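Fold and contact review
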Amino acid sequence: MITVSNVTGLEKIIFNLKLKMSIFFYFLPALWKGELSLKRFFALMKRLLLFVSRMRHNKFVKIGDKTRLGLYIPGFPSPAFYTACQKFSQFKERMPCTTVLLSITSSCPYHCKHCYQKLDRGKDVDIETLIGIVRRLQEMGIAFFNIEGGEPFFAYGRLKRICSAIDSRSEIWINSTGAGMTDERLGELKELNVTAVMFSLHSPDADSFNGFLGKESAWNTMEAGVKMCQDADLAVAFNTCLMRDDFYNGTFEQIMEVAKDFKACLIQIIKPKPAGGWLEKEDLEFTPQDIEFIKAKVNRYNLQEEFAEYPAISAQIIEEDESVFGCTAGGTDRFYINAKGDLQPCEFLNISFGNIMIDRFEDIYQKMRNCFPWGGECYLCENCSQEIHRLYQENSLNSLPLTPELSEQIYSSWERGRRTDLYDRLERVK
């Protein structure tokens, strides 16, 4: 079983010093060779230090011989980690994106009511086209590929080919329910440099979990998948989508106990979003008091010594806060390609800038980036959901995301709010 341990206390302080020194010496040859001027070299160091400082609320986790600062930051030291660092060496143009969520198939044995892909109907994109896009993404500087379905193991041939096309410049994680997994398949993926598999854990109770996913065997399948991953030396992570009350009635704490028992390296807390199957759902509000209450819980688990043995938590309500990163969708830091090839700002924002089977990738990517020049303080997936739902109904659509033409009605007039402090400061460092 792969060794997973948390980096806390004095060990975290020492690691931070080692990290900063390693980054300095990694980029020093670029100064010697004249690839970076002295001014740009120190500007790069300042940018990187500023970005790393926003990770101080995280619990770092060591997976094997690499340490992870956050969910979307590749393990250090690795070529993928330094691919992510290269983002901050771009001064003449907009800083590039480093993370992509890639759906390779819509095939799935489950029936989750909340699924953000619930209405993403259409034929899976041609695999050769998708492989070509993956190679372009690596050339663009994508350091982290988060691959999902549907259920990616239900299209294992496609999954294996995509992973085979990604070299060590990027890190790979796979989202799965465990359905379709085998020891042999996991062994092959381990050889293709897959680091971890992330499972859903939306309830600590097996019966409730099965009901949530719409299949009586869901819990047993997940449990078997976790064991197979650990036997294959692949790290295990979880994501959980919890409602407001779950943070007050003890469900959150029970989830953390289960994740700890499963020896997870990390758990992502997803804020319920009005998207896909929940596009018209209206009871997803969290008050400012709720948000502060949840942040305090997460910070306790991540920062206090008594919770040092629990998995690291990556919480959207913290990372998307305007004081940390804000919304980084649309290629600021990440974006989404769905199973039928639509380029979306993120999985929760059901609009499309074009389809890779029809449109030239560079054109639709640039169109999206023009709408997302910086990290913003506004959660567009929440603010635009009613308008997306209205257009969906008025045009008698039977699938999402909205067509590129209807999507333009959304993004041509939306209000993104101010850019977040981090991206404002990063852009000013020249």
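For the structure given in this document, a descriptive report is provided here. The model shown is predicted, which means the values in this text are computed figures rather than measured ones.

Moving on, we get to the packing of helix α1 (residues 9–32) against helix α3 (residues 79–86). In contact at an axis separation of 12 Å, α1 and α3 are set at 75° when each is read in the N-to-C sense. It follows that α1 is roughly perpendicular to α3 by the angle criterion. In this structure, α1 contributes Leu19, Ser22, Ile23, Tyr26 and Phe27 to the contact, and α3 contributes Phe81, Tyr82, Cys85 and Gln86.

You can see Gly122 is positioned in the loop between β4 (99–103) and α4 (127–140). Along the primary structure Gly122 and Gly341 are separated by 219 residues, whereas in three dimensions their C-alpha atoms are 9.4 Å apart. When residues no more than four places from it in sequence are discounted, the contact partners of Gly122 are Ser106 and Lys340.

So, about the pairing of strand β6 (residues 171–175). With 5 of its 5 residues buried, β6 lies for the most part within the structure. Burial along β6 is two-sided: the face carrying Glu171, Trp173 and Asn175 and the face carrying Ile172 and Ile174 are both buried. In this sheet, β6 lies alongside strand β5 (residues 144–148) in parallel orientation, the contact comprising 4 bridges. If you follow Ile147 over to β6, its bridge partner there is Ile174. Crossover connection from β5 via helix α5 (residues 156–164) to parallel β6: handedness right-handed. The pairing of β6 with strand β7 (residues 194–200) spans 4 bridges and is classified as parallel. For Trp173, the partnering residue across the bridge sits in β7 and is Ala196. Where the polypeptide runs from β6 across helix α6 (residues 183–191) and back to β7, its parallel neighbour, the crossover connection is right-handed.

Conventions used here
- Residues numbered from 1 in each chain as written.
- Predicted model: local features only at pLDDT ≥ 70, side-chain atom pairs only at ≥ 80, totals over all residues.
- Heavy atoms only, no water.
- Axes fitted to C-alpha atoms, helices over the stretch in contact; angles between N-to-C directions.
- Helix = DSSP H or I, 4+ residues; strand = E, 2+ residues; numbered from the N terminus.
- Parallel < 35°, antiparallel > 145°, perpendicular 65-115°, else oblique.
- Contact = heavy atoms within 4.5 Å.
- Buried < 20%, exposed > 50% of the residue type's maximum accessible area, 1.4 Å probe, protein only.
- Pairing = 2+ DSSP bridges.
- Right-handed = clockwise from strand over helix to strand, strands pointing away.

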